[in-house]
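Overview (structure and organization)
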Amino acid sequence: MADTEEEKLLMQKIARVMDETRSSNATHIRKLKELSTLRSSSSPLQFFSAFSKALIPLFNFQRRTASVERTVRFVAVFASTRDPNNASDCDTFLEEFLRFLLVAAVAVNKTARFRSCQIISEIIMRLADDAEVSNELWDEVIECMKLRVGDKVPVIRTFAVRALSRFANDSENSDILELFLQALPSEQNAEVRKTIVLSLPPSNATSAAIIDCTLDVSELVRKAAYCVLASKFPLQSLSIKLRTIILQRGLADRSAAVTKECLKLLKDEWLLKCCNGDPVELLKYLDVETYELVGVSVMGALLKAGLVRVQDGQSLRQFIVSTHDTTEGDTGHGNPSIQLMEAEVALYWRTVCRHLQIEAREKGSDAAATMGTEAAVYAAEATDNNDILERVLPATVSDYVELVEAHLVAGPNHRFASRQLLLLGAMLDFSDATNRKVASAFLQELLHRPLEHEVDESGNMVLIGDGINLGGDRDWADAVSGLARKVHAAAGEFEEVVVGVVEELARPCRERTADFMQWMHCLAVTGLLLENAKSFHWVQGKAIEPAELLHSLLLPGAKHVHLDVQRVAIRCLGLFGLLERKPSEELIKQLRFSFVKSPPPISIVACKALVDLGMWHGPHEVDRAMGRELSSQFRDDKMAFSPVNFCETDGNLNIELLDLLYAGIDINDWGKSVDTDENESVQSVLGEGFAKILLLSEHYPSIPASLHPLLLAKLISLYFSNDTKDMQRLKQCLSVFFEHYPSLSANHKKCLSKAFIPVMRSMWPGINGNPGGSPAIVSNMRKRAVQASRIMLQMMQAPLYGKETETEDENGSREFPETMCGSVQSLLECGEEGLAIRIATEVASFHTKKSPAEKSYVSALCRILVLLHFRLSEQEAIKLMRMLLNRVADSVAAEKELVKELKRMAERLTAVDRHPDQELLQDQANLILGRLELDLNLNLDGSMAMPSTPGPHSTRPTRSRRRVRHEETSSDEEISPTSVVPNIPGTLSTRSQRASKTAALTKMTTNRAIRINEDDEGEEGSEVTSQEDSDESDQCTE
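Computed from a prediction, not measured in an experiment: that's the story for all the values here. (Residues numbered from 1 in each chain as written. Predicted model: local features only at pLDDT ≥ 70, side-chain atom pairs only at ≥ 80, totals over all residues. Heavy atoms only, no water.)

Points about the overall build of the protein
Operational definition: Counting from the N terminus, the helices are DSSP H or I runs at least four residues long and the strands are E runs at least two residues long. Contact between two residues is taken to exist if any of their heavy atoms lie within 4.5 Å; hydrogens are not considered. Accessible areas in this description were obtained via Shrake-Rupley with a 1.4 Å probe; residue shielding takes into account the shown protein chains only.
On a plain count of helices and strands, the protein comes out with 46 helices and four strands. Nonlocal contacts in the protein, meaning residues at least 24 apart in sequence, comprise 72% of its contacts between residues at least 6 apart. Looking at the protein as shown, the accessible area adds up to about 50,200 Å², and 51% of this sits on carbon and sulfur atoms.

The following block contains the structure:
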């Protein structure tokens, strides 16, 4: 009894100490001494017993208040602190306390598990390295925390990960690291993912996982990833590719906090610690020749943050030395008065000069927009930036030209630096005639510079570059054209200079004495002209006329024996057609022929040209160039695309452009070429082109509106096709298209409503003549079709942009303004009501006895149907849908849950029906079906009420229940709707509302007990399977 009283008194003292620690952390040091004194004055067993009992209320307190968190911290500090004067008692107490916490960590109560994991993690993080704890106990702690990593409560998982983080660096506990890497991708909670990322040690295995987290959906996780990369991964430990990925993602992140963390990594760790504050040295770690855009982004971020300053004596002029001085690294090829610069240095000066120019311009604009002292400050800043820019740039244009020419002569190793210097030319002043003359002569040299090539072992010339652009590089061609437009800025001067060069280069081509390299050089300069010319007005009357250019250079080049010459010539033909007022017949014929008959690389370029011309001039104008003059009435009556046999046509027959392009989507054997981009194919080009046409459909009135649903259905099928899974560019393009297309116009939603059923028919296996296959293949095909249906549902329910937005009434139903779709009568076709009626009609058109594929198809349609909403303004559509739901429910009567969903939908429709007892007239129903272009014969005599949900079949062989079931079935058959005749519109006949109520009441009163028992049994062993189960059974049947 005395021991009990003594323990109770000790527990009260401990509880009082803990209670006093809740107020402030400042009292913890003093209270630690008091508690240590109590421990030393009592026996270890007695003190631990009192301490654990005093701590039990903490395990029942779930809220994470500041006072409770201070108590938890105090307990952890006390348990982890080792008193040198009483070390053995401290070690004994720690082991006993950890065992006590391990028991609570596996408790059923989630609060107890949470507090125990929290205290364990605090103890482990605070425990000294020389703490005396047995290995067996540590193993128990580690195993328990590994188990808690899979706990269903996120906060428990968080503290379990935190507790294990101290052991993750130990090679003996490699399973902890494997557990972290395994749990990270599948973890749903952002806080847990963040804790895992912060707990990962630096290694090759963890670097990939951490860098993947820079794309995490949570801002906290992305920020934690950059924090770990900064603290645990030195710059030299990462590959060049990983460095560029980290910076590219971080500097472009949508969150300012993440961008700030990435900039902190870039500045504090990489720039200052690893590169001693030298930005050029940092650029060397990034391989700017391969990752130029990343280097530009890094320099832009550093310049914006004010971390790059141009020191006195630093300028481009330091690379232009006296002719009497020797040149460092002179190989004998460059000008001896020029010091060649590295790629990183060239990029550095290009970005610095560009930044100074932009800053001077912005400060000048700010000075002009303000007054007084503020304007003077802005003007002074603009002047300072202009002075620095003038000091940095070469003194004269001649010096600039010599600097660029020296790098050009130095060979391909200095090509990147040469292009950076060309881009610097846009910042020079060419207003002086002498400067323009020097720069013009330099431009003539650039344009006449032949394409680079190599000679193989057989003596054949092999082109270096893409074979399309000047210099074999798009960036190089842009740099040359930018400098040319800057030098020859007067109207028509640029075109005149480049046409003169084209005329000189075309002479051997016209005389048929040029080799394929000369052809490609001439066509590259021609493409540069056509791409930058504003109009043929500035080309006419020059050295070579547009018509002469077409017939003497472009068309012969398209028929050249060399495929690379054909490809660049076809590209020039497409650019030429964009500048024409009306496309010429010879040009269109050649593009169509190349599209149909040429190898894939040329077909892709021809396809791009045809799509561009069709969008620029309109498909009708392109067809008119071929002599096809169709009346507007004939075009409007066109309901489908004409079939095209690519094996029998050369593209010049009586085939419209859209028919030709549409047929190209279905050609799967275009072939692949190693010379083309892996993301480029004829299908991807056509998919992107048709998406643009549909987005801008109001600009193409010559395209019949009846063809829009066919195009949309083809794009949706193409997106979910297994053949296009590797076409990432097409996938990205169509995903953006699906997001914006339905929100631009209500007419687009009308088109989507019409395309829904054709898409589902074309994608669902086993119906409409679609092939099936193995169960796995059929399952994947169904999953893709279901995904397509959900995407189309989201598109249908997406709100409209701008003025065509939806409004909500008091019942939550979405209402369209009356100006949509052109008239009030067309609201039905644009809304969810029209889609719902289309789906219901499709379901009602199937046999009563359906195949497994048809069952799964109808079930999938009904699952979309119950998600659609009806507006109050569409009262006639509501009544018609109530009638159709009877047939829909009868078609899926075997699926109990789905029938319940349909019944709920019927109740919602009844609630929004202003006159639920009023029947829909036959003419009104036919009018709605006619507007939706549906063919369904309905007999509207009878009630619109849903039939009662059939009870599940009983599995017991009780005779009395069978008799009741048989009688009820017979009664239902006498008054139930008649079956739908296959392929023939059936007649819907329903019992009256009063008869339905009478039958229902009779069943409820006479057979209530039997029904309850049967329902209970049905819940345990229902014959209705889930969607997945039904799919599997259907596949086995097939």
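Following the structure, the description resumes.
A closer look at the nonpolar core
Convention followed: We define a nonpolar core as any set of buried Ala, Val, Leu, Ile, Met, Phe, Trp, Tyr and Cys residues linked to one another through side-chain atoms lying within 4.5 Å. Burial classification: accessible surface area is computed with a 1.4 Å probe over protein chains only, and a residue below 20% of its type maximum counts as buried, one above 50% as exposed, and the rest as partly exposed.
F51 and F97 are the most contacted members of the largest nonpolar core, which has 297 residues in total. Among residues more than four places away in sequence, those in contact with F97 are F48, F51, L55, V75, A79, I119 and I123.

A few points about the packing of aromatic side chains
Convention followed: Here is the rule: rings of Phe, Tyr and Trp (six-membered ring for Trp) pair when centre to centre is within 6.5 Å. Planes less than 30 degrees apart are stacked, more than 60 are edge-to-face, and the remainder are tilted.
Counted by the stated rule, this structure contains 23 aromatic pairs. The interplanar angle of 50° and the centroid separation of 4.7 Å between the aromatic rings of F536 and F576 together place this pair among those described as tilted. Here the residue F536 occupies a position in the loop between helix 24 (516-532) and helix 25 (546-558), and F576 occupies one in helix 26 (residues 563-579), the gap between them amounting to 40 residues. Ring geometry for F641 and Y662: centres 4.0 Å apart, planes at 10°, overall stacked. Within this pair, whereas F641 is found in the loop between helix 30 (632-636) and helix 31 (657-665), its partner Y662 is found in helix 31, the two being separated by 21 residues in sequence. Of the residues examined, F641 reaches a relative accessible area of 12% and is grouped as buried. The buried category is assigned to Y662, whose relative accessible area is 16%. An aromatic cluster of at least three residues, connected via ring pairs, comprises F47, F48, F51, F59, F78, F93, F97 and F100.

A look at helix 27 (residues 585-597)
Put simply, the rule is: Each residue after the first adds 1.5 Å to the expected span of a helix.
Over its 13 residues, helix 27 extends 18 Å from the first C-alpha to the last, a length consistent with the 18 Å expected when each residue adds 1.5 Å. Those residues of helix 27 that sit buried are L587, I588, Q590, L591, R592, S594, F595 and V596. Residues of helix 27 that are buried make contact with helix 25, helix 26, helix 28 (600-617), helix 29 (619-625), helix 31 and helix 32 (682-695).

Quick notes on the environment of S684
This is how it is decided: In protein, a polar contact means a hydrogen-donor-capable atom and an acceptor-capable atom, both N or O and within 3.5 Å, with residues adjacent in sequence counting only if both atoms are side-chain atoms; elsewhere, any N or O pair within 3.5 Å suffices.
Along the chain, S684 turns up in helix 32. Classification of S684 by relative accessible area gives buried; the value is 5%. Within the local environment of S684, its side chain forms a polar contact with the backbone oxygen of S681, the two atoms lying 2.8 Å apart.

So, the confidence of the model for the protein
Low pLDDT means the predicted coordinates in that region are not meant to be read closely. Rules: Each residue carries a pLDDT value, the predictor's own confidence for that position, ranging from 0 to 100.
For the protein, the average pLDDT comes to 83, and 84% of its residues sit at 70 or higher. Averaged over each element, pLDDT in the protein is lowest for helix 43 (residues 959-975) (37) and highest for helix 12 (residues 219-232) (96). Long-range and interchain partners of residues 672-676, a stretch whose pLDDT sits below 50, account for four contacts in this model, where long-range means more than four residues apart.

Section: the packing of helix 21 (residues 433-448) against helix 22 (residues 474-487)
What counts, and what does not: Angular values range over 0 to 180 degrees, each being the angle between N-to-C directions of two axes fitted as lines to C-alpha atoms, with helices fitted over their stretch in contact. An angle below 35 degrees is treated as roughly parallel, one above 145 as roughly antiparallel, one from 65 to 115 as roughly perpendicular, and anything else as oblique. The hand of a helix crossing depends on one turn: near helix anticlockwise from the far one by less than a right angle means left-handed, and clockwise means right-handed. Note on residue categories: nonpolar means Ala, Val, Leu, Ile, Met, Phe, Trp, Tyr, Cys or Pro, charged means Asp, Glu, Lys or Arg, and polar means any other residue, Gly included.
Two elements in contact, helix 21 and helix 22, have axes whose closest approach is 10 Å; the angle formed by their N-to-C orientations is 150°. Taken together, the axes of helix 21 and helix 22 are roughly antiparallel relative to one another. For the pair helix 21 and helix 22, the sense of crossing is left-handed. The segment helix 21 lies against helix 22, with R436, A439, S440, F442, L443, L446 and L447 engaging W476, V480, L483, A484 and V487. When its residues are assigned to classes, the contact of helix 21 with helix 22 shows ten nonpolar, one polar and one charged.

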